[in-house]
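# Observations on chain architecture
Chain by chain, the residues:
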Amino acid sequence: MKNIGIVMSPFMPFPCVKGGAVETLMQFILDENEKQKCFNFVFFVKENSEAKRMTEKYCNSEFVFIKNHTFVSKCKFQLSRVFFRFLKLRPYLLDDFHRNVYRFLIKRSVDLVIVEGGSAVYEYRKISKLLGKQKMVLHLHATFNAPKEADNIFGNYIAISEYVKNIWLYNSRNHCFVLKNAIDDKFFETVIDDKQKDSLRTRFCISDEDFLIVYCGRLIPVKGVKELCLAVRQKGNVKLLIIGSTNFGMNITSDYEKEIQNIAIETKNIFFTGYIQNQELPAYYQIANLVAVPSLWEEGCGMVCIEAMASGIPVLATESGGMPEYLLQEGTFFCKRNKDTIVNELSEKINFAVKNKALLREMGNRNKIAAQFYSKRNYYHNFCKIVQEIMNDL
């Protein structure tokens, strides 16, 4: 069985005990590999006692826990950032995490190394020289411009969408595969009982006659939340439920968030849940008539889109980044990503949706079927297929 090294973020624990989009995706890989046994994975991860306890149940993966969150390590890291900002250099002695990955790989051979993240490139120069760049793969989980030296360090790339791939290939000539993201399909397909749905709707003063739009995500300008609020403010029977906060679970209220709250006070048909735990999301999606993703920037993927599809809900979204690649045309109301016209276009699409509830049910059903492609099992299968293809060329 081939040994595949996977370098996780030095900032988030793994196995996935504190969330994180990349960590959740790799948890799918970890769990499915325990059933399918295609590879032996060696995960390089930040040391964490809770995560370490979780590893005991895995037989086909091993974990190298690296201490990099001591006071000294943090100081070194901040100093390395200063060096890079002013001198474009990353002194290796200041990078405890990647130095320890390198030390392990000197003693223990692996057949391939996959780096999860995308923004870190220069940190892997020494490891690339040790293994050879053809054994180095960079997994791009967001939209990045390829740094000048990337092709000298990595032999292959994996992107989460064709859009992310094409942006990267502006400055890169190496091969880039596309591996579309996944969700816990069984989790979002779970049917919530009517009593729980009624309780949620009552909590936010949403009647059976109201048309409910749900937004789930961070409250920052590029997500188009303000524009969505302006689009619903004149619609009495349309309610907007906003799930999320400025910075994930942190208790911070930004000026932008206050601006949105002022619109809500004025209109009285916009409600906020604040940050909620992931396990609560299916109930919120299933009380919605429509899930809105009005991004004003180029989204690499947009996980909310897949979650809404799996929940059997139509989506209102901008034609942004990689989202059109994931969304089903027959299950989505698309808007142009134009800041000057977006409010009017969102408003028009909402008006149409309100008058065509039978169409919405049909769109939701189609979304639910299409979302089966984004299952954990498919994600693992496609991941292994790409890894095998890369290894066949070594």
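Criteria and thresholds
Residues numbered from 1 in each chain as written. Predicted model: local features only at pLDDT ≥ 70, side-chain atom pairs only at ≥ 80, totals over all residues. Heavy atoms only, no water. Core = buried A, V, L, I, M, F, W, Y, C linked by side-chain atoms within 4.5 Å. Buried < 20%, exposed > 50% of the residue type's maximum accessible area, 1.4 Å probe, protein only. Helix = DSSP H or I, 4+ residues; strand = E, 2+ residues; numbered from the N terminus. Contact = heavy atoms within 4.5 Å. Pairing = 2+ DSSP bridges. Axes fitted to C-alpha atoms, helices over the stretch in contact; angles between N-to-C directions. Phe/Tyr/Trp six-rings, centres within 6.5 Å; stacked < 30°, edge-to-face > 60°. Lys NZ or Arg CZ within 6 Å of the ring centre and 35° of its normal. Parallel < 35°, antiparallel > 145°, perpendicular 65-115°, else oblique. Left-handed = near helix turned anticlockwise from the far one by under 90°. Nonpolar A, V, L, I, M, F, W, Y, C, P; charged D, E, K, R; others polar. Polar contact = N/O pair within 3.5 Å; in protein donor to acceptor, adjacent residues only side chain to side chain. Salt bridge = Lys/Arg side-chain N within 4 Å of Asp/Glu carboxyl O.

## Some points on the nonpolar core
Soluble globular proteins: nonpolar side chains tend toward being buried together. Leu105, Tyr124 and Phe154 are the most contacted members of the largest nonpolar core, which totals 70 residues. Here this core takes 6 residues from helix H13 (residues 303-310), the largest share from any one element. Setting aside its immediate chain neighbours within four residues, phenylalanine 154 contacts Val115, Val121, Tyr124, Lys133, Met136, Val137, Leu138 and Asn174. The next biggest cluster of nonpolar side chains, apart from the first, holds 34 residues, and it includes Met8, Phe39, Phe177 and Met391.

## Description of the sheet that holds strand S1 (residues 3-7)
Read across the sheet, 7 strands follow the order S3-S2-S1-S4-S5-S6-S7 without closing on themselves; strand pairing throughout is parallel. Both outer strands of the open sheet, strand S3 (61-66) and strand S7 (175-178), are each paired with one neighbouring strand and no more. Ignoring strand direction, the axes of neighbouring strands in this sheet form an average angle of 20°. Contacts between helix H1 (residues 21-36) and the sheet are confined to S1, strand S2 (40-46), S3 and strand S4 (112-117), with S3 contributing the most and set at about 145° to the helix. Against the sheet, helix H4 (residues 96-107) touches S1, S2, S3 and S4, its axis set at about 150° to S2.

## Details of the packing of aromatic side chains
Under the defined criterion, the tally for this structure stands at 17 aromatic pairs. A ring pair is formed by tyrosine 326 and tyrosine 374, whose centres lie 5.4 Å apart and whose planes are at 20°; its orientation type is stacked. Within this pair, whereas tyrosine 326 is found in helix H14 (residues 323-326), its partner tyrosine 374 is found in the loop between helix H16 (357-370) and helix H17 (376-392), the two being separated by 48 residues in sequence. Taken as a pair, tyrosine 326 and tyrosine 374 share a single burial class, namely buried. With centroids separated by 6.1 Å and ring planes inclined at 75°, the aromatic side chains of phenylalanine 333 and phenylalanine 352 adopt a geometry described as edge-to-face. In this pair, phenylalanine 333 sits in strand S13 (residues 332-335) while phenylalanine 352 sits in helix H15 (residues 342-354), placing the two residues 19 residues apart along the sequence. We classify phenylalanine 333 as buried; its relative accessible area is 8%. Taken together, the ring pairs connect Phe14, Phe39, Phe41, Phe43, Tyr58, Phe63, Phe65 and Phe383 into an aromatic cluster. The cationic tip of lysine 52 hangs over the ring face of phenylalanine 65; the distance from NZ or CZ to the ring centre is 5.2 Å. Directly above the aromatic system of tyrosine 326 lies the positively charged group of lysine 180, at a separation of 5.4 Å from the ring centroid.

## Some words on the packing of helix H10 (residues 225-232) against H15
Viewed as axis vectors pointing N to C, H10 and H15 meet at an angle of 50°, and their least axial separation amounts to 8 Å. Taken together, the axis directions place H10 and H15 in an arrangement best described as oblique. Here H10 and H15 pass one another in a crossing that is right-handed. Residues Glu227, Leu228, Leu230, Ala231 and Val232 of H10 lie in contact with H15, whose contacting residues are Ile342, Val343, Leu346, Ser347 and Ile350. By residue class, the composition of the contact of H10 with H15 is 8 nonpolar, 1 polar and 1 charged.

## Considering the packing of H10 against helix H11 (residues 255-267)
The geometry of H10 relative to H11 is characterised by a closest axis approach of 10 Å and an angle of 5° between their N-to-C directions. Considering the angle they form, H10 stands roughly parallel to H11. Judged by residue contacts, Val225, Lys226, Glu227, Cys229 and Leu230 of H10 engage Tyr256, Glu259, Ile260 and Ile263 from H11. The residue inventory of the contact of H10 with H11, partitioned by class, reads 6 nonpolar, no polar and 3 charged.

## What about the side chain of aspartate 210?
Examined against the element boundaries, aspartate 210 turns out to sit in the loop between helix H9 (194-203) and strand S8 (211-216). You can call aspartate 210 buried: its relative accessible area is 10%. Within polar-contact distance, the side chain of aspartate 210 engages the backbone nitrogen of serine 207 at 2.8 Å. Beyond its immediate stretch of four places on either side in the chain, aspartate 210 contacts Arg201, Cys205, Asn237, Lys239 and Asn289.

## Here's the deal with the pattern of salt bridges
Counting across every chain of the model gives 15 salt bridges. We note a salt bridge from glutamate 32 to lysine 35, for which the minimum N-O separation is 3.3 Å. Of the two residues, glutamate 32 and lysine 35 both sit in helix H1, 3 residues apart, roughly one turn of that helix. Exposure remark for glutamate 32: the relative accessible area of 5% places this residue in the buried category. The partner of arginine 337 in a salt bridge is glutamate 298, with the nearest N and O atoms 2.5 Å apart. Separated by 39 residues along the polypeptide, arginine 337 in the loop between S13 and H15 and glutamate 298 in the loop between strand S11 (290-293) and H13 bring together distant segments of the chain.

## Focus: the sheet that holds S8
Within the open sheet, the 6 strands sit side by side as S10-S9-S8-S11-S12-S13. Their pairing is parallel. Only two strands of the sheet have a single neighbouring strand rather than two, namely strand S10 (270-274) and S13. Averaged over neighbouring strand pairs, the angle between their axes works out to 25° when direction is ignored. Where S8 meets strand S9 (residues 238-243), 6 bridges bridge the pair, whose relative direction is parallel. Bridged to valine 214 within S9 is leucine 241. With respect to the sheet, H11 is in contact with S9 and S10, its orientation differing from that of S10 by roughly 135°.

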